[in-house]
Protein chains: 2
Amino acid sequence: MAYRILAVDDEVALQNMIREILAADGYTVEVAGSCAEALTRFRAASPDAVLLDVMLPDGDGFSLFGQLRRERDVPVLFLSARDEDEARLRGLGLGADDYITKPFLPQELRLRLRAVLRRVYRRGSETARLGETEILWGRGTVRRDGAETALTAKEFALLKKLWDSGGNIVTIDALCQALWDGPMVGYENTLMVHIRRLREKIEADPSHPRHLLTVRGLGYRLEREAEG
Amino acid sequence: MAYRILAVDDEVALQNMIREILAADGYTVEVAGSCAEALTRFRAASPDAVLLDVMLPDGDGFSLFGQLRRERDVPVLFLSARDEDEARLRGLGLGADDYITKPFLPQELRLRLRAVLRRVYRRGSETARLGETEILWGRGTVRRDGAETALTAKEFALLKKLWDSGGNIVTIDALCQALWDGPMVGYENTLMVHIRRLREKIEADPSHPRHLLTVRGLGYRLEREAEG
DNA sequence: ACGCAAAAGTAAGGTAAACGTAAGGCTGGC
DNA sequence: GCCAGCCTTACGTTTACCTTACTTTTGCGT
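Residues numbered from 1 in each chain as written. Chains lettered and ligands numbered in written order. Predicted model: local features only at pLDDT ≥ 70, side-chain atom pairs only at ≥ 80, totals over all residues. Heavy atoms only, no water.

J.: Honestly, the interface of chain B and chain A in this entry has me stumped. Any pointers?
T.: When the parts of a complex come together, some accessible area is lost, and that lost area is often used as the size of the interface. With 36 residues of chain B at the contact, the number on the chain A side is 35 residues. At the boundary of chain B with chain A, total buried surface from both sides reaches about 2900 Å², with 45% on carbon and sulfur atoms. The interface formed by chain B and chain A holds 12 salt bridges in total. A salt bridge links B:Asp97 to A:Arg118; the nearest nitrogen and oxygen atoms lie 3.9 Å apart. (Contact = heavy atoms within 4.5 Å. Buried area = accessible area lost by both parts, 1.4 Å probe. Salt bridge = Lys/Arg side-chain N within 4 Å of Asp/Glu carboxyl O.)

Given below as structure tokens:
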């Protein structure tokens, strides 16, 4: 979530409309009114997607599109008042992800943007945050300070079980169940070893964990935000 | 390329038109005229994308969409003669990748399909980079140090499956599925041999792979950029 | 139809990462 | 201070995967 969107349009009314629509969906919206401003904001904010009007005061959206794509393969949705086939085909032909003609329904913008984001970031963005460490579920790794560490199968299953419990306490039994899919008694110690190993990968100080917390006598739980 | 596309529409004229348009672009086109037929062909051909008319003789495209997505997360583009906002929003709201209203320009269909496929399969161009080795999809070969090596059918399918997963872990089962299209149990060893052979073609040091990585207990994944 | 070469599949021994075990050391609660 | 529950470490074991050589199958040209 919390995608950053850059909207490039010179009409203030539309700017505000877009901002409202997308803000309601939880996006962070940046606005630019010209090609020059768009480039500046694009570099500064590094948005996850760009909404691009074709008509701009200091140039056309098509050439701006080329500049953006040369810098990064960012998803772009064209917005245009010109419903001419030629313009639409040109935009799509350049490699845009969608082309929406004005006036459009707010709902349609939302849905089309969502569709594009879903396709582009479905992979790679299947991540979870745990304070300063990031979990990349799809790759089976965690990242801290830019360094990526691979999880083993057991560690992965353990972390997933704890994460899926949404911060609630998970009993030793439940964890054993998840790791060995059976009423594995006598594995409590082994579980502890796996807990330790996981802590070494996700915690800054494994001996004083701030996320993977032990609840004496009950089990373990995963705290997502580490407070000071 | 050689993407497989399933077009579902009951008008024969449109069927032929779609077939011509897409065949010219090098796609393999399957056609179905009803929901029932669509499901059969979908399972048999396992297409890379589906073009779906909303109006079908034995049901509506929306519910068929649900059935397809339940089986697999395949990209779907709706085609519809109904230009009503309601239908468009419903289709997109369900999670379709695009919604094209009839009549449409052949060129627009091509471009919109291309846009979706580009995002889903990350294959904007005919070639892909894997660090120092280059994959030439159209020729079924890889190039390293200027030397071009041909891939076998199995190696190609394997590489394609891994690439299409965008760096995520692919389970042994999923890979077997892709290579033998069936729940091939007992082929795990054979798969490993193919992995090895592929590594010998794409890796500088096959025994210490930097791209085709094994994730013990989970599967394999393809890393695009090799870090030191 | 035949033979050849390339590709795919089989089998078996080897290896190391991941897992499990155990034993001694903490730490908080009574 | 003592016990129980948990931590931590080192070390042994296992199992999933690797590797190679060999056999079978497939596809193709003659």
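Structure shown, so let's carry the discussion forward.
J.: Even after reading the chapter, I still don't get the protein's contact with DNA strand D, so can you show me in this structure?
T.: Around DNA strand D lies a shell of 20 residues, among which A:Ser207, A:Thr214, A:Tyr220, B:Ser207 and B:Tyr220 are the nearest. Sugar plus phosphate: this is where 70% of the atoms of DNA strand D within 4 Å of the protein reside. A:Gly217 has a polar backbone atom sitting 2.9 Å from a phosphate oxygen of DNA strand D. Of all the elements in the fold, those that place two or more residues in the surface near DNA strand D are α8 (188–202) of chain A together with α8 (188–202) of chain B. Its residues placed into classes, the surface near DNA strand D shows six nonpolar, eight polar and six charged. (Near = heavy atom within 4 Å. Polar contact = N/O pair within 3.5 Å; in protein donor to acceptor, adjacent residues only side chain to side chain. Helix = DSSP H or I, 4+ residues; strand = E, 2+ residues; numbered from the N terminus. Nonpolar A, V, L, I, M, F, W, Y, C, P; charged D, E, K, R; others polar.)

J.: So what exactly am I meant to see when it comes to the protein's contact with DNA strand C here?
T.: Residues in contact with DNA strand C amount to 22 residues; listed here are only the nearest, A:Thr152, A:Trp180, A:Arg197, B:Thr152 and B:Arg197. Within 4 Å of the protein, the contacting atoms of DNA strand C are drawn from sugar and phosphate to the extent of 53%. In the environment of DNA strand C, a base nitrogen lies 2.8 Å from a nitrogen or oxygen atom belonging to the side chain of A:Asn189. A distance of 2.8 Å separates a phosphate oxygen of DNA strand C from a polar atom in the side chain of B:Trp180. At the level of elements, α6 (153–164) and α8 of chain A together with α6 (153–164) and α8 of chain B are the ones that each hand at least two residues to the surface near DNA strand C. Broken down by class, the residue content of the surface near DNA strand C amounts to eight nonpolar, eight polar and six charged.

J.: Would you take a moment to explain empty space enclosed by the protein for this structure?
T.: Rolled over the atoms, a probe as big as a water molecule pinpoints where empty space is left. A full pass over the atoms with the stated rule returns two cavities of 30 Å³ or more. What the largest cavity holds in volume is close to 110 Å³. If you go around the largest cavity, the residues you meet are A:Asp97, A:Asp98, A:Arg112, A:Ala115, A:Val116, A:Arg119, B:Asp97, B:Ala115, B:Val116 and B:Arg119. Secondary-structure elements contributing two or more residues to the lining of the largest cavity are α5 (106–121) of chain A together with α5 (106–121) of chain B. Here the element with the most residues in the lining of the largest cavity is α5(A); it accounts for four residues. Considering only residue class, the lining of the largest cavity consists of four nonpolar, no polar and six charged. (1 Å grid on protein atoms, 1.4 Å probe; cavity = no way out; pocket = protein on both sides within 12 Å on 5 of 7 lines; lining within 4 Å. Points joined across faces, edges and corners; volume = space filled by probe spheres on them.)

J.: Where do I start with the sheet that holds strand β6 (residues 76–80) of chain B in this structure?
T.: Hydrogen bonds between backbone groups are what pair the strands of a sheet, and the pairing can be parallel or antiparallel. All names here are of chain B. Read across the open sheet, the five strands follow the order β2-β1-β3-β6-β7; overall the sheet is parallel. Single-partner strands in this sheet number two, and they are β2 (28–32) and β7 (98–101). Adjacent strand axes in the sheet meet at a mean angle of 20° when their direction is disregarded. Taken together, the four bridges between β6 and β7 define a ladder with parallel strand orientation. (Pairing = 2+ DSSP bridges. Axes fitted to C-alpha atoms, helices over the stretch in contact; angles between N-to-C directions.)

J.: How do you make sense of the pairing of strand β11 (residues 147–150) of chain B when you look at a structure like this?
T.: Remark: a regular strand shows side chains that alternate across the two faces of the sheet. Residue and element names in this part refer to chain B. In this sheet, β11 lies alongside strand β10 (residues 141–144) in antiparallel orientation, the contact comprising four bridges. In the sheet register, Val 142 faces β11, and the bridge partner there is Thr 149. Count of turn residues in the β10/β11 antiparallel hairpin: two residues, of which Asp 145 carries a positive phi of about 55°.

J.: What exactly am I supposed to notice about the nonpolar core here?
T.: The nonpolar side chains of a soluble globular protein tend to be buried, and buried together. Residue and element names in this part refer to chain A. Val 8, Val 50, Leu 52, Leu 64, Leu 68 and Phe 78 are the most contacted members of the largest nonpolar core, which totals 24 residues. Taken together, the elements giving at least two residues each to this core come down to β1 (4–8), α2 (35–45), β3 (49–53), α3 (61–71), β6 (76–80) and α4 (85–94). For Phe 78, the contacting residues outside a window of four places in its chain are Leu 52, Val 54, Gly 61, Phe 62, Phe 65, Gly 91, Ala 96, Asp 98, Tyr 99 and Ile 100. (Core = buried A, V, L, I, M, F, W, Y, C linked by side-chain atoms within 4.5 Å. Buried < 20%, exposed > 50% of the residue type's maximum accessible area, 1.4 Å probe, protein only.)

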